[in-house]
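# Inside the fold
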Amino acid sequence: MKEPFVRQGDAIVVSLPAQQRDVTKQSMLLVAKIAASGGQEAWRLSPPMYDDPLLEAEEAVKGGESGIGDIVTRLRMGEGMLDAPQLSLQQSDELATLLNYCRLVLSEAQTSINEAKLTPKFAEDLYNFLGYLLSSLLEALSADLG
């Protein structure tokens, strides 16, 4: 089976079949929607800095609000990266980060299925598929580093 990501010099070639590309794009948009809804599934994208809610609130007032809004924007824009035949190393690193964000939200969604409106089997399958893509991308990024 052909790897979805292969390194060629200073670029990563994207070899995702159209169906896998569409599933990945839809996954990013789904996770962006879940994160934007403010549900508990998104907490892993920006975990609390403190155990004390008062200290957490004080940090938010100082301007240390969670970066979930930024992550949602990045997920919505990131799905467009999959249309390119190849990615720069920097773009590939960003894609790896976004795939990891998707997995974090989906892993949390598996434990709170009612709020995410995902079936356990679908969330698990999607989590595993994105893990496969992330693994392939990380291998491609680390190729030729020796």
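Anything mentioned here points back to the structure above.
Residues numbered from 1 in each chain as written. Predicted model: local features only at pLDDT ≥ 70, side-chain atom pairs only at ≥ 80, totals over all residues. Heavy atoms only, no water.

We now examine the packing of helix α1 (residues 18-36) against helix α3 (residues 68-78). One way to put it is that α1 packs onto α3 with a least axis distance of 8 Å and a crossing angle of 160°. By the criterion of interaxial angle, the relationship of α1 to α3 is roughly antiparallel. Crossing handedness for the pair α1 and α3: left-handed. Residues M28, L29, V31, A32, A35 and A36 of α1 lie in contact with α3, whose contacting residues are I68, V72, L75, R76 and G78. Each residue belonging to the contact of α1 with α3 can be placed in one class, and the counts come to nine nonpolar, one polar and one charged. (Axes fitted to C-alpha atoms, helices over the stretch in contact; angles between N-to-C directions. Helix = DSSP H or I, 4+ residues; strand = E, 2+ residues; numbered from the N terminus. Parallel < 35°, antiparallel > 145°, perpendicular 65-115°, else oblique. Left-handed = near helix turned anticlockwise from the far one by under 90°. Contact = heavy atoms within 4.5 Å. Nonpolar A, V, L, I, M, F, W, Y, C, P; charged D, E, K, R; others polar.)

To continue, consider the packing of aromatic side chains. Under the defined criterion, the tally for this structure stands at one aromatic pair. Taking the centre distance of 6.5 Å and the plane angle of 40° together, the rings of F129 and Y132 count as tilted. Taken as a pair, F129 and Y132 lie in helix α6 (residues 120-142) at a separation of three residues, close to a single helical turn. Residue F129 is classed as buried on the basis of its relative accessible area of 18%. (Phe/Tyr/Trp six-rings, centres within 6.5 Å; stacked < 30°, edge-to-face > 60°. Buried < 20%, exposed > 50% of the residue type's maximum accessible area, 1.4 Å probe, protein only.)

Attention now moves to the pairing of strand β2 (residues 11-14). Burial along β2 is two-sided: A11 and V13 facing one way and I12 and V14 facing the other are all buried. Sheet topology note: the strand β1 (residues 5-8)/β2 ladder contains four bridges and is antiparallel. In the sheet register, V6 faces β2, and the bridge partner there is V13. Linkage of β1 to β2, two consecutive antiparallel strands, is achieved through a turn of two residues, within which G9 is found at a positive phi near 65°. The sheet contact formed by β2 and strand β3 (residues 86-88) spans three bridges and is antiparallel. Note on β3: the bridge partner recorded for V13 is Q86. (Pairing = 2+ DSSP bridges.)

The strand order across the open sheet built from three strands is β1-β2-β3, with neighbouring strands paired in antiparallel fashion. Edge strands, defined here as strands with exactly one partner in the open sheet, are β1 and β3. In this sheet, neighbouring strand axes are inclined to one another by 30° on average, regardless of whether the strands run parallel or antiparallel. In the packing of helix α4 (residues 89-109) onto the sheet, contacts are made with β1, β2 and β3, and the angle to β3 comes to roughly 100°.

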